[in-house]
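Spelled out from the first residue to the last, the chains are:
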Number of protein chains: 2
Amino acid sequence: MTTAVPAEDTRTRLLGTALRLFAEHGVEGTSLQMIADALGVTKAAVYYHFKTKAEITESVAEPGIRELDLLVVEAARHRRRGAQVDHLLDGFVDLVVRHRVLVALFSSDPGINRAIAKSAHGMEGFKDALIGILAGPEPDVTARVTAMVALTGVAMAGGSPDLAELDDETLRHELIDVGRRLLGRPRRHHD
Amino acid sequence: MTTAVPAEDTRTRLLGTALRLFAEHGVEGTSLQMIADALGVTKAAVYYHFKTKAEITESVAEPGIRELDLLVVEAARHRRRGAQVDHLLDGFVDLVVRHRVLVALFSSDPGINRAIAKSAHGMEGFKDALIGILAGPEPDVTARVTAMVALTGVAMAGGSPDLAELDDETLRHELIDVGRRLLGRPRRHHD
DNA sequence: GTCTATATCGTGATAGAC
DNA sequence: GTCTATCACGATATAGAC
């Protein structure tokens, strides 16, 4: 019953090379032809696995989206709001740092923003949920603006080539620090 | 000597309609054909005024880039660093708020980022100059990260549709406020 | 100096053979 | 699953009318 290598093998390879090419030439700078060539197949073969190019970019980004999704759920489970914010910020920064390349890539891709807006699975905007946790219930304008600045700032700075030289630990530490300052969370003593 | 209507008239009209269409369908969602049709001319006519589509998007964004450029120069003229930061932050927020639509549009356009990176006229990256002023001379990592988060956060939040409901004055006030908090500038008393 | 007509070529996408 | 057409459309280019 060794049903052999899963049929998804090609699909997975495809996503791998796609990511590599995206990182190298940008999303819009990567054609289906390039992906096909890199895989040694034809464009049409690529189309067998993905109906559209957007579907490829979304699939490449999906692991990150999933993590983010899960993070929001987890964070929301805390009873105290402070713990919610802490959990969310820590997790978000960690996610951004680990997926730096992805973040940089897709922050400048029109398609991905659409995907994030409508969220991964179909449930409406978990981006609102993110902001909701950071800004608190019934937030005033200041809280909302602060939450947005914190979230977008951390993401953009984390993905920026200007900070690419920093190792993960340093970047993570700095981003959490600036995030906590912004959101009014107490300073942490770091070793 | 009424040398008549400048030849740039069409060029200007073109940039106007281009901006309108960009705002409506996004940059990549707007073809040269659409622009040509909206103007009542042919694609080739458009191509006469601009050698490439990228040139159009850059020209549309240029006024903003110029302002930003000027702002950096002005800010750098202050002797005290505090005054430099204040000037830059005020000006930057004002610019973002006034050009909200542009900011939203081009923050997700790969082409514009390239344009900003290499700067308008040819002098290399004034983005570095921006960060340089905010982070100060010989900045440590924390200062650099903070400056980046502040700059990108303000820009993204300012251009975000999520805050589009806010009127200019409110948004400006809130962004300056959060910016000052981040950059460690003293609170201002607002009326 | 401003535009039209027209052609080229790459790209995303589809239909159908193997 | 993969390939061979084949499509429409986009950006880009050139030749030439006015």
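Here the structure is a predicted model, which is why all the values come from computation and not from measurement.

About the criteria used
Residues numbered from 1 in each chain as written. Chains lettered and ligands numbered in written order. Predicted model: local features only at pLDDT ≥ 70, side-chain atom pairs only at ≥ 80, totals over all residues. Heavy atoms only, no water. UniProt positions renumbered as here; feature names shortened; annotations may be inferred. Helix = DSSP H or I, 4+ residues; strand = E, 2+ residues; numbered from the N terminus. Domains from an automatic or database assignment. Contact = heavy atoms within 4.5 Å. Buried area = accessible area lost by both parts, 1.4 Å probe. Salt bridge = Lys/Arg side-chain N within 4 Å of Asp/Glu carboxyl O. Polar contact = N/O pair within 3.5 Å; in protein donor to acceptor, adjacent residues only side chain to side chain. Nonpolar A, V, L, I, M, F, W, Y, C, P; charged D, E, K, R; others polar. Buried < 20%, exposed > 50% of the residue type's maximum accessible area, 1.4 Å probe, protein only.

### Some words on the UniProt feature "DNA-binding region" (unreviewed entry) in chain A
Next, step 1: Under the UniProt annotation, the feature "DNA-binding region" (unreviewed entry) is placed at residues 31-50 of chain A.
Next, step 2: Regarding residues 31-50 of chain A, the helix share stands at 75% and the strand share at 0%, and the terminal C-alpha atoms are separated by 14 Å.

### Some words on the domain arrangement of chain A
All names here are of chain A.
Next, step 1: Once the domains are mapped, chain A shows domain 1 (1-51) and domain 2 (60-183).
Next, step 2: Taken together, the seven residues of domain 1 in the interface contact six residues of domain 2.
Next, step 3: The largest share of the area that domain 1 buries against domain 2 comes from Leu19, Phe22 and Val27, three residues that together contribute 68% of it.
Next, step 4: Counting every contact that joins domain 1 to domain 2 gives zero salt bridges.
Next, step 5: At the junction of domain 1 and domain 2, the tally comes to zero residue pairs in polar contact (both at pLDDT 80 or more).
Next, step 6: Each residue belonging to the side of domain 1 that touches domain 2 can be placed in one class, and the counts come to six nonpolar, one polar and no charged.

### Overview of the side chain of Ser160(B)
Next, step 1: Residue placement: Ser160(B) occurs in the loop between helix H9 (141-159) and helix H10 (168-183).
Next, step 2: Only 3.0 Å separates the side chain of Ser160(B) from the backbone nitrogen of Asp162(B), close enough to count as a polar contact.

### Considering helix H8 (residues 126-135) of chain B
Next, step 1: Restricting attention to buried positions, one finds in H8(B) the residues Phe126(B), Leu130(B), Ile131(B), Ile133(B), Leu134(B) and Ala135(B).
Next, step 2: At the exit of H8(B) stands Gly136(B), carrying a positive phi of roughly 85°.

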